Structure formats: structure tokens, C-alpha cells
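Structural characterization, general
Read off the chains here:
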Amino acid sequence: MLSDGVFDRRRQRLVDQMREHGISDERVLAAIGSTHRHRFVEKAFRPRAYEDEALPIGMKQTISQPFTVAYQTMLLDVQPGDRILEVGTGSGYQAAVLCEMGARVFSIERHRPLLARTRDLLASLGYRVALKTGDGTLGWASQAPFDGVVITAGASEAPETLLRQLRIEGEDDKPAGRLVAPVGNRETQTMWLYRRLAEDRYEKTASRQFKFVPLIGQQGGL
Ligand code: SAM
């Protein structure tokens, strides 16, 4: 069995690797450095927990690659106290990273048994995340507006309902709400960042290519 010291060293090496690969936000790097990814994977995969790779978490789903989590978190530009909605709780790792950034985290997962396991894990690690089972493409209206929404599965388009649950720039003297979503087909997706500038006006920016498991839902599913 690997000791905590070994995991600590591997986690620090992962942070250095993220920095070399272009993650420039030191707060994101600090969050990756303080989130124990080995606790979010099955015991058999723990020796690989700090490799930059996606790993299986059951039900044909994966915990995202650390670079992907760091990249999406960087695009979200999370500020302490921000209300962030995650679509696709999975292992809970991305939600934990967002908590480490000081966000108030809401997360939706469509697989009930996966969410039950993740709920227990997050609680046992001391992370407070509001969780629910369901179709995350429909958002969480009663908790909107959100400062950020992150979709952690590949979509065919950015779900309209999620865009409309973003904070409008200037509301409560806060910056525009951001939505980060991988959009494309089943083979590859482009990471898009949307910022809600006015009721019906969004700024859209495309960045790198990724490959996610598909988003399954009423809006933007693949
Ligand atoms: N964020 C996760 C983590 O840190 O482990 C990675 C999640 S995995 C790449 C994508 C997840 O999205 C899967 O658990 C899948 O069941 C979930 N998912 C797919 N479509 C969904 C939907 N419409 N609503 C909620 N969850 C969805």
C-alpha cells in the first residue's frame, strides 16, 4: 500500500506538470495540489491517481483527466463565494476542486447509484456540496443564478436552459456568469466559454479540443 507521503509527492509532481502544460492560475494549481485525487478512484487505480489520465469509476463513466479539470476550472474563473453548478458529478473530484477554490458548489448526476457513493465520499472528506440526481441539462432553477456552470460531459450544443441560469453581467454588481462546456460530436469536442453579458447576449470563446464521455439529456445531449 502506498503511503500518504508518496501520494503527497506525486500530487506535487502533478501540479508542476499542470503548470508546464499551461495552467497559469496559481489558485487552480493550489486547489489541484490540495485535492486528494487518490480518494476519488477505486483502490485498484490508486497507484495511477496522479497520472494525467482519465480513469474508470464504474457505470461506463470516468473521473476526468486532471489537466481537463484544471483547464475547465481555470476558464470558470472561480472567485471565493461564487455559486457554481456542475453537470456530471461522477466521482466528485471536480466538485471537490471547486470547493477548494472557495466556491459554493451544486452538482447534478444522472446515475443514482454513482451519486449515492459520491455523496458519502464527499461528506466523509468534509466537502459540502449540494447534490441531486437528474438531468443536469435542465439545470437547477431554484438555485439560479449561477456565477459559473461547468459541463463535464461532451455536448452537441450548450443547453439553452443552463445559459439562462447564468448571472447577467452587473447583476448584484458581479461579473458575467460563465458557462464552460465541451461541444462537438462523440469523437471530439471543443471547449467553449460563454459569458452572459445581457438578458439575451453572450460572448463565446472557443479553445482546445478534448474527448469526454457523452452528455445524455434533453438539451445538448450527444
Ligand atoms: N466531473 C466528474 C468527476 O470529477 O469525476 C467527471 C464526470 S464524467 C467525465 C461525466 C459524468 O456526467 C458522468 O458521471 C455521467 O453520468 C454524467 N452525465 C452525463 N449526462 C448527464 C446529465 N444530463 N445530467 C447529469 N449528469 C450527466
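You'll find the structure just up there.
Quick summary incoming for the structure in this document. Sequence positions are assigned chain by chain, starting from 1 and proceeding in written order. Per-residue local features are limited, in this predicted model, to residues with pLDDT of at least 70; the limit for side-chain atom pairs, both in listing and counting, is 80 or more; totals at the level of whole chains, interfaces and linings are taken over all residues. Think of the side-chain values as coming from all heavy atoms in the structure, minus any hydrogens and water.

Take the layout of surface pockets next. One simple way to see leftover space: roll a probe sized like a water molecule over the atoms. Of the voids in this model, the largest pocket is the one considered here, and its volume is about 560 Å³. In this analysis, the protein atoms alone were mapped onto a 1 Å grid. Cavities are point sets where a 1.4 Å probe fits without being able to get out; pockets are open sets with protein on both sides within 12 Å along at least five of seven lines; lining residues have an atom within 4 Å of a point. Around the largest pocket, the lining is made up of 37 residues, and of these Gln61, Thr62, Thr152, Ala153 and Val213 lie nearest the centre. Numbering of helices and strands runs from the N terminus; a helix is a DSSP stretch of H or I covering at least four residues, while a strand is a stretch of E covering at least two. When contributions to the lining of the largest pocket are tallied by element, the ones reaching two or more residues are strand E2 (61-63), helix H3 (66-76), strand E3 (83-87), helix H4 (93-100) and strand E4 (104-109). It is E2 that contributes the most residues to the lining of the largest pocket, three residues altogether. Any residue that is not Ala, Val, Leu, Ile, Met, Phe, Trp, Tyr, Cys, Pro, Asp, Glu, Lys or Arg is counted as polar, Gly included; the first ten are nonpolar and the last four charged. Each residue belonging to the lining of the largest pocket can be placed in one class, and the counts come to 15 nonpolar, 16 polar and six charged. Grid points are joined across faces, edges and corners, and a volume is the space filled by probe spheres set on the points.

Here the focus is the site of the ligand. Among the 28 residues in the neighbourhood of the ligand, the closest are listed as Glu86, Ser91, Glu109, Gly136 and Ile216. Take Glu86: an N or O atom from its side chain is 2.8 Å from a nitrogen atom of the ligand. Under the rule applied, a polar contact is a pair of N or O atoms within 3.5 Å (in protein, one hydrogen donor and one hydrogen acceptor; residues adjacent in sequence only if both atoms are side-chain atoms). Here an oxygen atom of the ligand and a side-chain polar atom of Glu109 are 2.6 Å apart. Under the convention used here, a 1.4 Å probe and the Shrake-Rupley method define accessible areas, while residue burial counts only the protein chains that appear. Against a free-state accessible area of 600 Å², the protein chains account for coverage of 99% of the ligand. A pocket or cavity is taken to hold a molecule when more than half of that molecule's atoms are within 2 Å of the pocket's grid points. Among the detected pockets, the ligand sits in the largest pocket. Among the secondary structure elements, those contributing two or more residues to the shell around the ligand are E2, E3, H4 and E4. Counting residues per element, the shell around the ligand draws most heavily on E2, which supplies three residues. Looking at the shell around the ligand residue by residue, the class counts come to 10 nonpolar, 14 polar and four charged. Here a residue is near a molecule or strand as soon as one of its heavy atoms is found within 4 Å of it.

Attention now goes to unusual backbone geometry. Looking along the chain, the bond that leaves Ala144 and enters Pro145 is cis, with omega of 5°. Looking at where Pro145 falls in the secondary structure, it is placed in the loop between strand E5 (129-133) and strand E6 (148-151). With a phi close to 55°, Asp173 is a non-glycine residue in the positive phi region. As for its position among the elements, Asp173 is in the loop between helix H6 (160-163) and strand E7 (178-184).

Packing of helix H2 (residues 26-34) against H4 brings their axes to within 9 Å, and their N-to-C directions diverge by 125°. It follows that H2 is oblique to H4 by the angle criterion. As for how H2 packs across H4, the hand of that crossing is right-handed. Contact residues: Ala31, Ile32 and Ser34 in H2; Tyr93, Val97 and Glu100 in H4. In terms of residue class, the contact of H2 with H4 is made up of four nonpolar, one polar and one charged. Structural elements are reduced to axes, namely lines fitted to C-alpha atoms, with helices fitted over the stretch in contact, and the angle between N-to-C directions of any two is expressed from 0 to 180 degrees. With respect to orientation, any angle under 35 degrees is reported as roughly parallel, any angle over 145 as roughly antiparallel, any angle of 65 to 115 as roughly perpendicular, and every other angle as oblique. Note: crossing handedness is left-handed where the near helix turns anticlockwise from the far helix by less than a right angle, and right-handed where it turns clockwise. The criterion used for residue contact is that any of the two residues' heavy atoms lie within 4.5 Å.

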